[in-house]
Amino acid sequence: FEISTLEAKQAITIKTSLHIEALSIEELERNEVVYSEVENIVSNSVEINVKQIETTFSVVQTTNIKEGQKVKDNETIIITGEITNTGHIDTNISIEDSLPAGLEVVKVELIKNGEAIDLTSKNQSQNIMVITPINSGETIIIKIEAKVNTTIIAAEEITNKIVVIGGTGKAT
């Protein structure tokens with residue numbers, strides 16, 4: 001509402017109410033978290049600056065091996081993780097992948113803006129970690145090439161998961 005005119009020494013009372021409703025954990029995980037500060041009170045208006053403090057991610061992991069497919073010794077497996085910052089703020093993220101026993105790193109690439117950055121020399125162990133900035137709306141790709149070593153595979157099934165941690169948000 002708007003107060004168009006107010007005579008000198010005239011007073012009016014404005015009543016407001018605030019309704020606070022608790023959200024379930026599932027609702028909190030679906031919503032972006034924001035907080036606000038009262039910045040400035042001028043005459044009959046209040047300006048509120050809203051700042052977002054978390055962002056959200058979409059992570060899609062694929063591989064060149066079909067589910068249930070048996071792998072052979074020395075076969076190449078390519079694991080691709082496509083990460084999109086679906087939130088509204090730019091942030092730094094950590095992309096982590098602990099390759100299962102029986103997979104040996106051959107090559108690790110980070111693809112940003114169509115440019116592939118070779119990170120193999122920094123990720124020679126089973127535990128891969130890449131830290132990179134990601135802008136709001138941006139999609140980046142991590143591509144991990146690994147060789148199968150059947151002499152040290154601990155199980156008949158190989159399971160792999162890429163974990164993305166950024167700002168105060170997390171997605172797997």
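This one's a predicted model, so the numbers in the text were calculated from it and none came from an experiment.

Thresholds applied
Residues numbered from 1 in each chain as written. Predicted model: local features only at pLDDT ≥ 70, side-chain atom pairs only at ≥ 80, totals over all residues. Heavy atoms only, no water. Pairing = 2+ DSSP bridges. Helix = DSSP H or I, 4+ residues; strand = E, 2+ residues; numbered from the N terminus. Axes fitted to C-alpha atoms, helices over the stretch in contact; angles between N-to-C directions. Polar contact = N/O pair within 3.5 Å; in protein donor to acceptor, adjacent residues only side chain to side chain. Contact = heavy atoms within 4.5 Å. Buried < 20%, exposed > 50% of the residue type's maximum accessible area, 1.4 Å probe, protein only.

Undergrad: I would appreciate a short explanation of the sheet that holds strand 6 (residues 103-112) in the present structure.
TA: Strand-to-strand pairing in sheets goes through backbone hydrogen bonds, with the strands running parallel or antiparallel. Within the open sheet, the 5 strands sit side by side as 3-4-9-6-7. Their pairing is antiparallel. What marks the edges here is a single partner per strand, and that holds for strand 3 (57-63) and strand 7 (115-118). Between one strand axis and the next, the sheet turns by 20° as a mean value, whatever way the strands run. Relative to strand 7, strand 6 is paired through 4 bridges, and the arrangement is antiparallel.

Undergrad: Please clarify how unusual backbone geometry should be interpreted in this entry.
TA: Of note in this structure, Asn74 is not a glycine but carries a positive phi near 70°. With respect to the element layout, Asn74 can be found in the loop between strand 3 and strand 4 (76-85). If you check the backbone angles, Asn113 has positive phi at about 50° while not being a glycine.

Undergrad: Would you explain the side chain of Glu109 in this entry?
TA: Of note, Glu109 is situated in strand 6. Engagement of the side chain of Glu109 in a polar contact is seen with the side chain of Lys107, the distance being 3.4 Å. Not counting residues up to four positions away in its chain, the partners in contact with Glu109 are Ala116, Ile117, Asp118, Ile141, Ile142 and Lys143.

Undergrad: Help me understand the side chain of Thr132, please; the structure alone is not making it clear to me.
TA: Its place among the elements puts Thr132 in strand 8 (residues 127-134). On the basis of relative accessibility, which here comes to 5%, the residue Thr132 falls in the buried class. Dropping the residues within four chain positions of it, Thr132 is found in contact with Thr91, Asn92, Ile93, Ile95, Leu110, Lys112 and Ile140.

Undergrad: Please explain the environment of Asn74 as it appears in this structure.
TA: Asn74 sits in the exposed class, given a relative accessible area of 53%. Remark: the alpha-carbon pair of Asn74 and Thr150, spanning 76 residues in sequence, is separated by 7.8 Å. Not counting chain neighbours up to four residues away, the residues in contact with Asn74 comprise Lys147 and Val148.

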